[in-house]
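Spelled out from the first residue to the last, the chains are:
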Amino acid sequence: MSVSSDEEILKYYELRETIGTGGFAKVKLGRHLLTGEKVAIKIMDKLALGDDLPRVKTEIDAMKNLSHQHICRLYHVIETSKKIFMVLEYCPGGELFDYIISKDRLSEEEARVFFRQIVSAIAYVHSKGYAHRDLKPENLLIDEEHNLKLIDFGLCAKPKGGLDYHLNTCCGSPAYAAPELIQGKAYIGSEADIWSMGVLLYALLCGFLPFDDDNVMAVYRRIMRGKYTIPKWLSPSSTLLLSQMLQVDPKKRITVKHLLSHPWLMEGYSDAVHWQSKYPQGHLDEDCVTELSVFHNQSRERILELISEWNYDQLSATYLLLQSKKARGKRIRLRVPLLTEHASTTPSAGPEHSRHDAQLDNTEFTLSTPVTRKVASKKHANKENVDTESVLKNEMPFALPAPKTPLGKTQIEKQGQGISIQVPACKESQFTTVTPIKKPKNPANTNELTAAEVLPERSRCHSVELDLNVAHVDCSQKKRKAKIFGSLERGLDKVITMLTPSKKKRSTRDEPRKLKAHYNVTTTQLMNPDQLLNEIIAVLSKKQVEYVKKGYTLKCQTQSDFGKVTMKFELEVCQLSKPEVVGIRRQRLKGDAWVYKRLMDDILSSCQV
Ligand code: 6BB
């Protein structure tokens, strides 16, 4: 991240670890300083975006227009000369994909709970004239309440004449693409989404894809034929629903309207799927407005007026995060952030004097008339009234920005975008030992893990343990230069990391972390963490997976024959309580989810776990 971009985002957020790196975006966890709320921050480098810049614009425009209980919320957009930051709803449950594979497959009952939410989100998206066009379990995240939130609207389309108008761009992931789409025909976005939902439902119920092959062309052929296996555990009603969604002829495919009250979705429910937004439009939460009005020493009217602009700035973010906090039954109180992590992560623990009469930042908007501290309603005159209990009793729903139609913004479709699949390369690579270097020498940015100088090739596979950043087990391909410490961005990341107490603890860790059972943690029969770690390392070396060991964490990556990083993931040996066993936490950071699953199955089954 450049210094100026960093400064801009750090005005409002504390940045934490990176949880994902996609083609052109990096997703970090963060915390909003004024509310103390956790957020996800999607960071994009404008220069690196190149032709993908319209995709970001598409996503931002769509997310401003869509507010729904099963769509990830956009809180804040920050654009600097070099970067675009999207501050988004925090979904600690991670991807639905990981959840499915951790359970092998879901029971029909659990699949139904999730699928009703997916149908609800898509019916809403279609009702707003959009098609998502990249539906897959990696694009559905699980929030704190175990509800699904749809993400990644970068490929969505809003045909000018309405959703019944044809689209031409072939996009999304091959395995989820509808037959008419891969044939290059003009297609209807909503019909293509229904097909992808059929593939998604199949993945929920089976734990694998209906149309799969190592070869993309073979995947396409299977899709065109529309033939898939029906595992013996699928009930007749599930089989029927899948066949209605996975109809090769889009005109014979079931519509979202019929899905809402389909017998399969109704089993165990008395109501059809509720697809309308539960966030009321055009109504602002009184308590949140009052808090903002007191905090900024502005009249409620002025605050109302400013929030209603929905600029997706600091005010929008603060209001929406306060509202979300209130909906979770938490006390809504804005605090001036202190500089330490502790202060910003424990906002309600701060002293009363940390409240201030902050004039909102001039660069954001101007509050021209100074207003005395005054609140409109008596009920809110004493802020201590806003306690957890009253909030819970009130059960105030979310107030929503009335979706704004982007001004003069047209959807730009890119031909041939997104259809690519990366298969882990099985290459005969020679590994090289590496030595960490402490000072940045080359500010060139790189996506790769490399942070070390490559020394002459010596043996097949080594790892280097480093204190602060990663060293890298490199390959001898000439095309790849030794990347010396990466960019200034990583330098800054590191400074932030060093200043974060929890991180400091982790980097010096000489025993495994104690973690709770989680679906991203595989339990083992082993009691000795070091034995397990060595076991994993041996398997990684055998499978040509490069890794860097950092305490009990292995930062892993695979590369294609051309030196492109195809997959990044972490494996961490951890200690579980109840039962007291050693486990392996896994986290995918980059790469195709199903290819990752196969590699993971392979690695974990090869370990004597
Ligand atoms: C998002 C998120 C929101 O993440 C790599 C890509 C929101 C992610 C999250 C999480 C785990 C723990 C805590 C929070 C909007 N767009 C993208 C987003 C993409 C990453 C998901 C995980 N895999 N919360 N979280 F995923």
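Parameters and conventions
- Residues numbered from 1 in each chain as written.
- Predicted model: local features only at pLDDT ≥ 70, side-chain atom pairs only at ≥ 80, totals over all residues.
- Heavy atoms only, no water.
- Helix = DSSP H or I, 4+ residues; strand = E, 2+ residues; numbered from the N terminus.
- Buried < 20%, exposed > 50% of the residue type's maximum accessible area, 1.4 Å probe, protein only.
- Contact = heavy atoms within 4.5 Å.
- Phe/Tyr/Trp six-rings, centres within 6.5 Å; stacked < 30°, edge-to-face > 60°.
- Near = heavy atom within 4 Å.
- Polar contact = N/O pair within 3.5 Å; in protein donor to acceptor, adjacent residues only side chain to side chain.
- Areas by Shrake-Rupley, 256 points an atom, 1.4 Å probe, with all protein chains shown as cover.
- pLDDT = per-residue confidence, 0-100.
- Axes fitted to C-alpha atoms, helices over the stretch in contact; angles between N-to-C directions.
- Parallel < 35°, antiparallel > 145°, perpendicular 65-115°, else oblique.
- Left-handed = near helix turned anticlockwise from the far one by under 90°.
- Nonpolar A, V, L, I, M, F, W, Y, C, P; charged D, E, K, R; others polar.
- Expected span 1.5 Å × (residues − 1).
- Pairing = 2+ DSSP bridges.

Caption draft 1: Up close: the overall build of the chain. Secondary structure assignment for the chain yields 20 helices and 20 strands. Across the 609 residues in the chain, those meeting the buried criterion constitute 56%. Restricting the contact set of the chain to residue pairs at least 6 apart, pairs at least 24 apart contribute 69%.

Caption draft 2: Structural view of the packing of aromatic side chains. Counted according to the given criterion, the structure contains 13 aromatic pairs. Measuring from centroid to centroid gives 5.9 Å for tyrosine 202 and phenylalanine 208, while their planes differ by 70°, and the two rings are edge-to-face. Residue tyrosine 202 is classed as buried on the basis of its relative accessible area, which comes to 0%. Relative accessible area serves as the criterion here: at 32%, phenylalanine 208 is assigned to the partly exposed category. Here tryptophan 310 and tyrosine 312 contribute two aromatic rings whose centre-to-centre distance is 6.3 Å and whose plane-to-plane angle is 40°, an arrangement assigned as tilted.

Caption draft 3: Local environment of the site of the ligand. Near the ligand, the surroundings consist of 15 residues, among which Ala40, Glu89, Cys91, Glu95 and Leu141 are the closest. The separation between a nitrogen atom of the ligand and a polar main-chain atom of cysteine 91 is 2.8 Å. In the model, a nitrogen atom of the ligand is placed 2.8 Å from a nitrogen or oxygen of the glutamate 95 side chain. Considered on its own, the ligand offers 520 Å² of accessible surface; in the complex 86% of this is hidden by protein. When contributions to the shell around the ligand are tallied by element, the ones reaching two or more residues are strand S1 (13–21), strand S2 (25–32) and strand S6 (94–95).

Caption draft 4: How the structure looks around the confidence of the model for the chain. Across the chain, the average pLDDT comes to 77, with 71% of residues at or above 70. Confidence drops under a pLDDT of 50 for residues 404–507, and excluding neighbours within four residues, the segment shows 234 contacts in the predicted structure.

Caption draft 5: The arrangement of the packing of helix H5 (residues 108–127) against helix H7 (residues 189–206) in detail. Between H5 and H7, the least distance of the axes is 10 Å, while the angle of their chain directions is 165°. As far as their axial angle goes, H7 and H5 are roughly antiparallel. Handedness of the crossing formed by H5 with H7: right-handed. Counted together, Glu108, Ala111, Phe115, Ile118, Val119, Ile122 and His126 of H5 and Ser190, Asp193, Met197, Leu200, Leu201, Leu204 and Leu205 of H7 form the full contact between these two elements. Its residues assigned to classes, the contact of H5 with H7 comprises 10 nonpolar, 2 polar and 2 charged.

Caption draft 6: Representation of helix H20 (residues 593–606) in the model. Between its terminal C-alpha atoms H20 stretches 20 Å, which fits the 20 Å expected from 14 residues at 1.5 Å a residue. Here H20 has its buried residues at Ala593, Trp594, Val595, Tyr596, Lys597, Leu599, Met600, Ile603 and Leu604. The backbone nitrogen of tryptophan 594 has a side-chain oxygen 3.0 Å away, supplied by the residue at the start of H20, namely aspartate 592.

Caption draft 7: A look at unusual backbone geometry. Positive phi is not limited to glycine here, since aspartate 104 has a value of about 70°. Relative to the assigned elements, aspartate 104 resides in the loop between helix H4 (96–102) and H5. Residues other than glycine seldom take positive phi values, yet arginine 133 does so here, at roughly 70°. With respect to the element layout, arginine 133 can be found in the loop between H5 and strand S7 (140–142). Residue class for arginine 133 comes out buried when judged on its relative accessible area of 8%.

Caption draft 8: Inspection of the sheet that holds S6 at higher detail. An order of S6-S7-S8 is seen for the 3 strands of this open sheet, with the pairing classed as antiparallel. A single partner strand is all that each edge strand has here, and the edge strands are S6 and strand S8 (148–150). Of the strands in this sheet, S7 and S8 touch H5, which is tilted by about 30° from S8.

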